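Structural features, examined
If you want the building blocks of each chain, they are given just below.
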Amino acid sequence: MKNKRSTVFFHAAVIFGLIMLETPIVLLANNIEPMIFGLPFLIFWVLFWWLFCTIIFLIAYIKKWGKKKSIR
Amino acid sequence: MSAGVFIIFLFLFIPLVVGFIAAARSNNSSSDFFIQGRNMGSVAAFFTVAATWWSSFAFLGSNASFYTEGPVYLTAFAWNVLFGYLYYIVGKRVWYLGKKFDYVTPSDFMGDFYDSEKVRIIVGAVVTIFTIPYLQIQLTGGAYLIEVTSGGVIPFWLAAFLFYAVIIVYVWVGGIRAIAWTDIIYGAILFFGLLLSGIYISNLVGGPISMFSEMQRMHPEFLTLPGPDGAAGFSSWISLCIVTALGALMGPQLWLRMYAVKDGQLFNLMPFLIALVAVTYLGSVLISWTGVLEMPGIENADQVLPIMVTEFMPLALGALILAGGAAAAMSTSNSQIHAVSTVITKDFYQRYKNPKASDKRLTKVSRYAILIFSIVAYFMALFVPGVLVAIGLVAFGGTAQLIVPTLGALFWKRSNASGAISGLIGGVGIMVILTFIPGLNSPLGLDPAMWGLALNTILFIAVSLATAPRNEKVVERFDKALEMFKNNEEETQEVNDEKAL
């Protein structure tokens, strides 16, 4: 049961990240201020969600996807 | 500029050597030539996918876009995520079915699933026709970079010629293995080159952070959508992301790279790796916006990167980076030439002209297809420049249409050939109409390919439902295979869970 849930979680998280980047929601972040770590806000926003998805992919691989026995 | 010429020759010479070493490992079968006997190792597979996906469009185009349009190209971070994700979801299944039913080309998969010669021919035609203009752009871009790096010593026609000659020789002798191996070199130069030169160049204005605050003071319009001209807003943002990711994923060169992989484990890691390499786009941001501050008014925006690099970086280092740009073009075009020649050989020559062709004969035919194809592209690069960028966008949009029947094949049992055919014809048709008929503007500012995808999906579903389902035997065969794939994926998880306990 736990197994199923974590499978769904990874897919949902990645899709959530993509929604933050590729739906009109991104227009809410379409500002220069506040600058974060010296980055204009839009750039920070994009990098943040990109990093989020990238890390999810890594965790998914370590915890789950990469544990499948390889089919050859 | 002799250092530049020297680096170029080194750069052309190394792939040749690698190509011959790779050829020595080949076993002379056509399967080895086309898809490395489905035996490609994971490192080579990753680099060849990443470098193939990373074309001139990214290397020169990203800089041009940041320099003129503001931040819209940042959508690239999302398209890398999307591409990686689809490579896992779609790619792994295609790889599995390819192994099971022995597919070599995209049409093999589609033709077999939809059980229709028409689908096979249409898919073959779409991938061939829409790859040609895209290939031509790579070659023009690559030759142009060689010309600039050499300081004009090597003229455009010779640069393009050298570019082709090297590719033809190593693809001729080594097939896909030579391509994958050379792509490892190209990929490495590419990824580090762009990022490092971005950091180096932004130091002109005191590093990345002060570059951004300077931009905010002088040119705030570059930092938000829709950019300085107000032309690149949300509709460009989403069109670019979807059309690029899907168009690249469905290109024939990427299909072959799905079949060629030896170990399915690679597909599990691919999303992470592909998403990670997006970090290099930061290099483009730094280079182009430093350019906005330090070198405004460059007329041809495609020249932003070469001009900045030759102007502000030490000669040898700069030449190396530009050679990396040529690498971007080369690693994409070598794969395209090889992939299209494979499609022509397998889908058209073997299927309709000479079904009993021997293995040797097939390899030979595909080598000549490479040669002829490259000669055509060479003359097109010399004599038909200019309009290419417009055609290039159509090229991505065209291959992107294949995603609909592909997803249909993998996830929708009720899909059928009539649906796939009308979807593809409708999708490609509306895209071509919206692009080429003057005075017709694509509604909502979305790329024509987006409307193509929408119409394609609607027709695919509607016509599939309105016509008879596919032959039961075929449905069952695929059902079984995909079921097996699913079980395989889940079963092994359980085994692992038990182990963990």
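Residues numbered from 1 in each chain as written. Chains lettered and ligands numbered in written order. Predicted model: local features only at pLDDT ≥ 70, side-chain atom pairs only at ≥ 80, totals over all residues. Heavy atoms only, no water.

A word on the overall build of chain A
As a reminder, the rule being used: The way it works is that DSSP assigns letters per residue, a run of H or I at least four long becomes a helix, a run of E at least two long becomes a strand, and they are numbered from the N terminus. Buried residues are those whose accessible area, probed at 1.4 Å on protein chains only, stays under 20% of the maximum for their type, while exposed residues exceed 50% and partly exposed ones sit between those limits. Throughout, a residue-residue contact means that at least one pair of heavy atoms, one from each residue, lies within 4.5 Å.
Counting its secondary structure elements, chain A contains three helices and zero strands. Across chain A, helices and strands are ordered from the amino to the carboxyl terminus as α-α-α. Classification of the 72 residues of chain A by burial places 47% in the buried group. In chain A, of all internal contacts separated by at least 6 residues, the share reaching a separation of at least 24 is 55%.

Some thoughts on the overall build of chain B
Note the cut-off: What the globule rule says is 2.2 Å times the number of residues to the power 0.38, and the radius of gyration is computed from C-alpha atoms. Computed with the Shrake-Rupley method and a 1.4 Å probe, the accessible areas treat only the protein chains shown as cover for residues.
Each helix and strand counted, chain B has 22 helices and zero strands in total. Computed over C-alpha atoms, the radius of gyration of chain B comes to 23 Å, within 12% of the 23 Å expected from 2.2 N^0.38 for 501 residues, which places it in the range of a compact globule. For chain B, buried positions account for 61% of its 501 residues. In chain B, of all internal contacts separated by at least 6 residues, the share reaching a separation of at least 24 is 85%. For chain B, the exposed surface amounts to about 18,200 Å²; the carbon and sulfur share of it is 67%.

Concerning helix α13 (residues 265-277) of chain B
Because an α-helix completes one turn every 3.6 residues, residues spaced three or four positions apart along the sequence face the same direction. The criterion, for reference: Multiplying one less than the number of residues by 1.5 Å gives the expected span of a helix. Values of bend correspond, residue by residue, to the angle between axes fitted over the seven residues ending at that residue and the seven starting there.
With 13 residues, α13(B) extends 19 Å between its outermost C-alpha atoms, agreeing within 8% with the 18 Å of an ideal straight helix rising 1.5 Å per residue. Its maximal kink placed at Pro271(B), α13(B) deviates by approximately 35°. The buried count for α13(B) comes to 10 of 13 residues, which makes it a mostly enclosed element. Three or more residues of α13(B) are buried, namely Gln265(B), Leu266(B), Phe267(B), Asn268(B), Met270(B), Pro271(B), Phe272(B), Ile274(B), Ala275(B) and Val277(B). Buried residues in α13(B) make contact with α3 (41-63) of chain A together with α3 (42-53), α6 (76-101), α9 (156-202) and α12 (252-260) of chain B.

Side note on the nonpolar core
All names here are of chain B. Worth spelling out the cut-off: Take the buried Ala, Val, Leu, Ile, Met, Phe, Trp, Tyr and Cys residues and link them wherever side-chain atoms come within 4.5 Å; each set so joined is a nonpolar core.
Formed by 195 residues in total, the largest nonpolar core has its most connected members in Phe83 and Trp289. Considering each element in turn, this core owes the most residues, 19 residues, to α9. Ignoring any residue separated from it by four or fewer positions in sequence, one finds Phe83 in contact with Val49, Trp53, Ala245, Ala248, Leu249, Leu254 and Ile274.

Thoughts on the environment of Thr290(B)
Residue and element names in this part refer to chain B. Locating Thr290 in the fold gives a position in helix α14 (residues 281-294). Thr290 gets classed as buried once you look at its relative accessible area, which sits at 0%. With 206 residues separating them in the primary sequence, Thr290 and Gly84 have C-alpha atoms 30 Å apart. For Thr290, the residues in contact, after removing those within four places along its chain, are Ile201, Ser202, Leu204, Val205, Met211, Met295 and Met308.

Digging into the packing of α3(B) against α9(B)
Between two packed helices, the angle of one axis relative to the other and the distance separating the axes together describe the packing. Residues and elements named next belong to chain B. Applicable threshold: Note on geometry: axes are C-alpha line fits, over the in-contact stretch for helices, and angles between N-to-C directions span 0 to 180 degrees. The scheme is simple: roughly parallel for angles under 35 degrees, roughly antiparallel for over 145, roughly perpendicular for 65 to 115, oblique for anything else. In this scheme the crossing of two helices becomes right-handed for a clockwise turn of the near helix relative to the far one and left-handed for an anticlockwise turn of less than a right angle. Residues are grouped as follows: nonpolar covers Ala, Val, Leu, Ile, Met, Phe, Trp, Tyr, Cys and Pro; charged covers Asp, Glu, Lys and Arg; every other residue, Gly included, is treated as polar.
Closest axis-to-axis distance for the α3/α9 pair is 8 Å, and the angle between their directions is 60°. Classified by the interaxial angle, the pair formed by α3 and α9 is oblique. As α3 packs across α9, the resulting crossing turns out to be left-handed. Of the residues in α9, those touching α3 at Ala44, Phe47, Thr48, Ala50, Ala51 and Thr52 are Ile179, Ala180, Asp183, Ile184, Gly187, Ala188 and Phe191. Tallied by class, the residues present in the contact of α3 with α9 amount to nine nonpolar, three polar and one charged.

Observations regarding the interface of chain B and chain A
Basically, it comes down to this: When two parts are put together, the accessible area they lose, computed with a 1.4 Å probe and summed over both, is reported as buried area. For the purposes of these results, a polar contact is taken to be a pair of N or O atoms within 3.5 Å, where, inside protein, one atom must be able to donate a hydrogen and its partner to accept one; residues adjacent in sequence count only when each atom of the pair is a side-chain atom.
Across the boundary between the two partners, chain B contributes 47 residues, which contact 40 residues of chain A. Buried surface at the junction of chain B and chain A, summed over both partners, amounts to about 4,100 Å²; 71% is from carbon and sulfur atoms. Applying the counting criterion to the chain B and chain A interface returns five residue pairs in polar contact (both at pLDDT 80 or more). Secondary structure elements with two or more residues in the side of chain B that touches chain A: α6, α10 (207-218), α11 (234-249), α13, α14 and α22 (472-500) of chain B. Broken down by element, the residue count for the side of chain B that touches chain A peaks at 11 residues, all from α6(B).

Some details on the confidence of the model for chain B
All names here are of chain B. For the record, the criterion: Confidence scores here are pLDDT values: one per residue, from the predictor, ranging 0 to 100.
Here chain B averages 80 in pLDDT, while 94% of its residues score no lower than 70. Across chain B, the element-wise mean pLDDT spans from 69 in helix α4 (residues 56-59) up to 89 in helix α21 (residues 448-466). Among the scores for the predicted complex, ipTM is 0.90 and pTM is 0.87.

A few points about the packing of aromatic side chains
All names here are of chain A. The line we're drawing: For Phe, Tyr and Trp, where Trp contributes only its six-membered ring, two rings pair if their centres lie within 6.5 Å, and the inter-plane angle classes them as stacked under 30 degrees, edge-to-face over 60, or tilted in between.
This model, assessed by the stated rule, comprises 35 aromatic pairs over all chains. When the centroid spacing of 6.2 Å and the interplanar angle of 35° are considered together, the rings of Phe41 and Phe44 count as tilted. Pair noted here: Phe41 and Phe44 are both in helix α3, with a separation of three residues, about one helical turn. For the pair Phe41 and Phe44, a shared accessibility class is recorded, and that class is buried. Plain terms: the ring middles of Trp45 and Trp49 are 5.8 Å apart, the flat faces sit at 70° to each other, and that makes the pair edge-to-face. Taken together, the residues Trp45 and Trp49, both in helix α3 and four residues apart, mark about one turn of the helix. The pair Trp45 / Trp49 is uniform in exposure class, with both members buried.

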